[in-house]
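As a plain string of letters, each chain reads:
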Amino acid sequence: MSDLSVLVTEDYLDKDYFLSADTKEDEAEAKAAKKVKFIKILFCLLCLVLLGELVAYKYVMPSFSSPKVTVTGQQNYSAEEIARMLLPMNSTNWFDFDVNQAVAILSSESGIDHVSVEKKFPDKILINVEERQPVAVTFIAENGATGAMQIDKNGVLFPGRTNSALDTSIIPIVSGLPVEYMSQGMRIPSKYRPLIDQITKISELPQKYFASISEICVLPKEYGNYELALIPAQSKVKVLTDRALNEDALKYMMVVLDVVNQIGTDVAEVDLRYGSVSYRTR
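Just so you know, these numbers come straight off a predicted model, no measurement behind them.

Caption draft 1: How the structure looks around the pattern of salt bridges. Counted under the stated rule, the structure contains 9 salt bridges. The salt bridge involving Asp152 is made with Arg132; its shortest N-O contact spans 2.9 Å. Of this pair, Asp152 sits in strand β5 (residues 145–152) while Arg132 is found in the loop between β3 (124–131) and β4 (134–142), placing the two residues 20 residues apart along the sequence. What makes Asp152 buried here is its relative accessible area of 2%. For the salt bridge of Asp271 with Arg273, the shortest nitrogen-to-oxygen distance reads 2.7 Å. Residue Asp271 shares its accessibility class with Arg273, and that shared class is buried. Connected through salt bridges with shared partners, the residues Lys221, Glu227, Asp271 and Arg273 form a single ionic network.

Caption draft 2: The nonpolar core, seen in detail. Of all hydrophobic cores here, the largest spans 35 residues; its most connected members are Ile199, Ile216 and Leu245. Elements that contribute at least two residues to this core include exactly β4, β5, α4 (193–203), β8 (213–220), β9 (226–232), α5 (247–263) and β11 (267–271). When sequence neighbours within four positions are dropped, the list of residues in contact with Ile216 reads Pro172, Ile173, Val174, Ser175, Ile199, Phe210, Leu228, Ala229, Leu230 and Leu245. Among the nonpolar cores identified, the runner-up in size contains 16 residues, and Tyr77, Leu106, Ile112 and Val115 belong to it.

Caption draft 3: Region of interest: α4. When we look at burial in α4, the residues that qualify are Leu195, Ile196, Ile199, Thr200 and Ile202. One side of α4 holds all its buried residues, which, seen down the axis, span an arc of 165°. In this structure, the buried residues of α4 make contact with β4, β5, β7 (173–175), β8, β9 and α5.

Caption draft 4: Inspection of the pairing of strand β10 (residues 238–241) at higher detail. Here β9 pairs with β10 via 3 bridges, running antiparallel. When the sheet's bridge partners are listed, Ala229 is paired in β10 with Leu240. For β10 and β11, the ladder comprises 3 bridges, and the chain directions are parallel. Bridge pairing in β11 places Val239 opposite Val270.

Caption draft 5: The arrangement of the environment of Ser278 in detail. On the secondary structure map, Ser278 appears in strand β12 (residues 278–281). Sequence-wise, Ser278 and Leu240 are 38 residues apart; in three dimensions their C-alpha atoms are separated by 9.8 Å. Excluding residues that lie within four positions of it along the chain, Ser278 makes contacts with Glu269, Val270 and Asp271.

Caption draft 6: Just the sheet that holds β3, in detail. Pairing is mixed across the open sheet formed by 3 strands, whose spatial order is β1-β3-β2. Among the strands making up the open sheet, the edge pair consists of β1 (68–72) and β2 (112–120). Between one strand and the next, the sheet's axes are offset by a mean angle of 20°, whatever the strand orientation. In this structure, β2 lies alongside β3, joined through 8 bridges in antiparallel fashion. Looking at β3, one finds that Val117 is bridged to Ile127.

Caption draft 7: Expanded view of a nonpolar patch on the surface. A cluster of nonpolar side chains, Phe38, Ile39, Leu42 and Leu46, forms an exposed patch at the surface whose accessible area comes to about 410 Å². By secondary structure assignment, the location of Leu46 is in helix α1 (residues 2–63). Look at Leu46 and you get partly exposed, because its relative accessible area is 49%.

Caption draft 8: Focus on the packing of aromatic side chains. Across all of its chains, the model carries 3 aromatic pairs by this definition. Ring geometry for Trp94 versus Phe121: centroids 5.4 Å apart, planes at 85°, classification edge-to-face. Taken together, the residues span a long stretch of sequence, with Trp94 in the loop between α2 (79–85) and α3 (99–107) and Phe121 in the loop between β2 and β3 at a distance of 27 residues. We classify Phe121 as partly exposed; its relative accessible area is 45%. Consider the rings of Tyr192 and Tyr226, whose centres lie 5.0 Å apart with planes at 40°: the pair is tilted.

Rules behind the numbers
Residues numbered from 1 in each chain as written. Predicted model: local features only at pLDDT ≥ 70, side-chain atom pairs only at ≥ 80, totals over all residues. Heavy atoms only, no water. Salt bridge = Lys/Arg side-chain N within 4 Å of Asp/Glu carboxyl O. Helix = DSSP H or I, 4+ residues; strand = E, 2+ residues; numbered from the N terminus. Buried < 20%, exposed > 50% of the residue type's maximum accessible area, 1.4 Å probe, protein only. Core = buried A, V, L, I, M, F, W, Y, C linked by side-chain atoms within 4.5 Å. Contact = heavy atoms within 4.5 Å. Arc of directions from axis to C-beta. Pairing = 2+ DSSP bridges. Axes fitted to C-alpha atoms, helices over the stretch in contact; angles between N-to-C directions. Patch = residues over 30% accessible without salt bridge, like charges linked within 9 Å, V, L, I, M, F, W, Y side chains within 5 Å. Areas by Shrake-Rupley, 256 points an atom, 1.4 Å probe, with all protein chains shown as cover. Phe/Tyr/Trp six-rings, centres within 6.5 Å; stacked < 30°, edge-to-face > 60°.

Spelled out as structure tokens, the structure:
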């Protein structure tokens with residue numbers, strides 16, 4: 001009986017040993033798994049913190065700093081000038097920048113025809129400017145001084161720019177327009193806008209007709225009508241014509257002037273009105 005008891009006891013002791021060893025392995029594996037899980041969680045938290053800092057530095061913080069203004073499309077205005085026009089807005093950051101107010105301020109500039117303003121997150125302001133293109137020049141007396149004003153295709157008056165790259169030799173001078181004062185974005189009287197339309201169409205032709213005409217004089221008539229007197233650039237002869245200023249009229253004028261020059265008569269004025277040709281000598 002004693003031998004059997006010893007064998008049984010030893011068998012149970014072996015089982016307890018193996019059970020104890022298995023338990024210790026399981027506990028070690030569980031601890032290792034917890035450790036790995038903790039490391040993963042810590043790593044994810046660090047990644048989130050780094051991501052949050054990246055978002056804050058790249059997007060959030062720039063949005064609360066002064067916006068970066070980019071101007072495109074301008075020819076005679078510099079980007080610095082456009083930015084200075086927006087200073088009254090007093091926008092300290094991107095969120096405070098009012099697009100509609102910026103458009104209103106820039107559109108009030110007489111030399112700007114159209115402007116678009118776009119906000120691009122986080123700190124960019126994109127401005128595209130279309131400047132007015134002159135088709136004619138006139139002179140206006142203001143505060144006792146006479147200054148040149150440009151006219152665009154819509155009849156809007158605006159001051160010329162000293163840094164303009166336009167070829168002024170093909171932009172005609174229009175005198176005699178009844179404009180007594182100048183205001184921002186002012187347009188010439190409506191009855192003279194057909195003349196500006198005619199000048200615009202002639203300017204778009206491949207032939208540079210206005211290079212041979214130094215001045216177009218508007219001659220008001222009774223009952224609100226007007227006629228024109230053209231001053232050639234290379235001749236002292238004044239040419240009287242009606243309001244129909246077009247390519248055919250200019251070609252006809254040049255033919256008549258060639259004939260007058262060939263005759264050699266001391267002609268001071270040629271009258272092309274009323275469908276006939278007459279002239280007056282000096």
